[in-house]
Amino acid sequence: MLSIRAFARWAPRTTSRIANYTTRTPFRPAARSFPKPTTLLAQRFQPAFSTSAPRPDEIGQELGAKLESEISIESENNDSTTDSDSNVKTFFDENDFWSVEDKEGEQDVVLKRSYDDEQITVSFSIVDFNTPGSMEGEEADEAFMDEDEDAVAAEQGQSGGANTKGAVNQGKTSGGNMKVAPEDSIAPADREELRNDEDEYNDQSQAFPANVNVLIQRPNRGALRISLVTDNGRFSIHGVTHLPDSNTSPIDLLRNTPENLYTGPPFQQLDEEVQGMLEQYLDVRGINTALALFIPDYIDVKEQKEYLGWLGRVKSFVE
């Protein structure tokens, strides 16, 4: 499911494309006509070169104008990342031991810190912003259909008689009918509205999952590389690999695995106590809930900046 931020950013772009769409006149060849003899004679004595100015690339100009429109729309809607901007600033104010390496035009972000004799590197990418959610296509549709069926069944289960439809708090009368207090009665339409409000709140409070790689290096002991996913403010460990000591840069260690190296078992196959202690091991090093909430916010902010930069670079190229 798309996050509310992704949908809010996508909607104005799509709306703008629909609103600003202009139909183009289809190409039609001009009516054929035969040149006059004098015209043919004149063409024989024309110079081999042309002194007229070259015709501009009309498609390139039109594309450039459209990209300029997109830039304007995105700049006007730039407040869509206001909350994320604020959250990012708050995180660095409260966790100043982290430093960030973020190069304009690149999709990867790196965080670094020291802990005792360890050097810790955290890497994530804004690519995850455009591939949110774990359910897609038919699987997501089936999930939504199941939710709708459950809601209908719940409503039908509450219906009993003329006085019971839409009731929340009910009590039996001497005649066997259900008595409903007026203040406790909620019409089906109101229940639907409340349910929609709750769903909207849940969508807004849920961030998209993001892949995170952590590298913990110690002198003469190699490094631990941990693969995680952050989702809704919580890290889930997927794998832990010990890498031999080498002079390789942290980024290369995060991206590449030595040939034939045993990378360890799937994390869920480890003893539960080992799993819990590894999670605590990361927590004391700052790989915690605060960081799990920060990463999607940072991705949100950077993706918007990179998208605007991409629009500008493509516009400059095609014009």
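Refer to the preceding data block for the structure.
Here is what the cut-offs are and how they apply
- Residues numbered from 1 in each chain as written.
- Predicted model: local features only at pLDDT ≥ 70, side-chain atom pairs only at ≥ 80, totals over all residues.
- Heavy atoms only, no water.
- Helix = DSSP H or I, 4+ residues; strand = E, 2+ residues; numbered from the N terminus.
- Buried < 20%, exposed > 50% of the residue type's maximum accessible area, 1.4 Å probe, protein only.
- Core = buried A, V, L, I, M, F, W, Y, C linked by side-chain atoms within 4.5 Å.
- Contact = heavy atoms within 4.5 Å.
- Phe/Tyr/Trp six-rings, centres within 6.5 Å; stacked < 30°, edge-to-face > 60°.
- Salt bridge = Lys/Arg side-chain N within 4 Å of Asp/Glu carboxyl O.
- Axes fitted to C-alpha atoms, helices over the stretch in contact; angles between N-to-C directions.
- Parallel < 35°, antiparallel > 145°, perpendicular 65-115°, else oblique.
- Left-handed = near helix turned anticlockwise from the far one by under 90°.
- Nonpolar A, V, L, I, M, F, W, Y, C, P; charged D, E, K, R; others polar.

Draft legend 1. Focus on unusual backbone geometry. Here the phi dihedral of Asp116 falls at roughly 55 degrees; this positive angle occurs in a residue that is not glycine. By secondary structure assignment, the location of Asp116 is in the loop between strand S2 (108–115) and strand S3 (118–125). On the basis of relative accessible area, Asp116 is assigned to the exposed category, the value being 71%. The phi dihedral of Asn232 falls on the positive side, at around 55 degrees, and the residue is not glycine.

Draft legend 2. Up close: the nonpolar core. Formed by 29 residues in total, the largest nonpolar core has its most connected members in Val214, Ile287, Leu291 and Ile295. Mapped by element, the contributors of at least two residues to this core are helix H4 (82–94), S2, S3, strand S6 (210–218), strand S7 (222–231), strand S8 (234–243) and helix H9 (289–318). No other element matches H9, which puts seven residues into this core. When residues no more than four places from it in sequence are discounted, the contact partners of Leu291 are Phe91, Trp98, Leu111, Phe235 and Gly286.

Draft legend 3. A look at the packing of aromatic side chains. This model, assessed by the stated rule, comprises eight aromatic pairs. Summarising the aromatic geometry, the rings of Phe294 and Tyr298 are spaced 5.5 Å apart at their centres and angled 50 degrees between planes, so their arrangement reads as tilted. Here Phe294 pairs with Tyr298, and both are found in helix H9, just four residues apart, close to one helical turn. As far as burial versus exposure is concerned, Phe294 and Tyr298 are alike and both buried. Residues Tyr307 and Trp310 carry aromatic rings whose centres are separated by 6.2 Å and whose planes lie at 15 degrees to one another, so their mutual orientation is stacked. Of the two residues, Tyr307 and Trp310 are both situated in helix H9; the distance of three residues between them amounts to about one turn of the helix. Take Tyr307: its relative accessible area is 13%, and that puts it in the buried class.

Draft legend 4. Focus on the environment of Glu70. Here Glu70 lies in helix H3 (residues 58–76). Of the residues examined, Glu70 reaches a relative accessible area of 4% and is grouped as buried.

Draft legend 5. Examining the pattern of salt bridges more closely. Using the criterion set out here, one finds ten salt bridges in the structure. Ionic pairing is found between Glu101 and Lys112, a salt bridge with its closest N-O pair at 3.3 Å. Of this pair, Glu101 sits in strand S1 (residues 99–101) while Lys112 is found in strand S2, placing the two residues eleven residues apart along the sequence. You can call Glu101 partly exposed: its relative accessible area is 39%. Given a relative accessible area of 28%, Lys112 falls into the partly exposed group. Note that Lys302 and Asp102 form a salt bridge whose closest N and O atoms lie 2.6 Å from each other. With a gap of 200 residues between them, Lys302 in helix H9 and Asp102 in the loop between S1 and S2 connect regions that are remote in the sequence.

Draft legend 6. Looking closely at the packing of H3 against H9. Look at H3 against H9: their axes get within 9 Å of each other, and the N-to-C directions meet at 160 degrees. The orientation of H3 relative to H9 falls into the category roughly antiparallel. As H3 runs across H9, the sense of the crossing is left-handed. Between H3 and H9, the residues in contact are Gly60, Leu63, Gly64, Leu67, Glu68, Glu70, Ile71, Glu74 and Ser75 and Gln304, Tyr307, Leu308, Leu311, Gly312, Val314, Lys315 and Val318, respectively. Residues that form the contact of H3 with H9 fall into these classes: eight nonpolar, five polar and four charged.

That is the geometry; function is a separate question.
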